[in-house]
Amino acid sequence: MMVVKSKRGRRRYVAFTLSETFTKETLAGKLSAYSGGTEFKVIQCASGWCIVRSAPNDVRKVIEMMSHADPTSKSVSTSGTLITLRRKYPPLESTRIRHAR
């Protein structure tokens, strides 16, 4: 079931390069430790790439929190859709976890 933007609000997806040692779980733990209650979600993290979801007003804060979590991380792009990021950066598409329907 799809929820309309007027109910859940808009979202931004920020793609990062980071150390290959990070997993989705370790990155999520570090971000929650630094976020101070701001809602971020690690959508995917593998092979030195990750995507983090936030509210549009929190994009700068996500980038700042990532620099604390991994000083080698670099924000490469921000988008309103996952599809755009995955098309732009093939490693994000190839490491994506597909769910069975």
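Heads up: the structure comes first, above all this text.
Residues numbered from 1 in each chain as written. Predicted model: local features only at pLDDT ≥ 70, side-chain atom pairs only at ≥ 80, totals over all residues. Heavy atoms only, no water.

Caption draft 1: Here's a closer look at the side chain of Ser 77. The topology assignment puts Ser 77 in strand 4 (residues 74–79). Here Ser 77 is in contact with Tyr 13, Val 14, Ala 15, Leu 85, Lys 88 and Tyr 89, once residues within four sequence places are set aside. (Helix = DSSP H or I, 4+ residues; strand = E, 2+ residues; numbered from the N terminus. Contact = heavy atoms within 4.5 Å.)

Caption draft 2: Structural view of the nonpolar core. Membership of the largest hydrophobic core comes to 16 residues, with the highest contact counts inside it found for Leu 27, Leu 31, Cys 50, Val 52 and Met 66. Broken down by secondary-structure element, the contributors of at least two residues to this core are strand 1 (12–17), helix 2 (24–35), strand 2 (41–46), strand 3 (49–54) and helix 3 (59–69). Every residue in contact with Met 66, bar those within four places of it in the chain, is listed here: Phe 16, Leu 18, Leu 27, Leu 31, Cys 50, Val 52 and Ser 73. With 8 residues, the next largest nonpolar core counts Ile 51, Leu 85, Tyr 89 and Leu 92 among its residues. (Core = buried A, V, L, I, M, F, W, Y, C linked by side-chain atoms within 4.5 Å. Buried < 20%, exposed > 50% of the residue type's maximum accessible area, 1.4 Å probe, protein only.)

So far we have only geometry, and geometry alone does not tell us how the molecule works.
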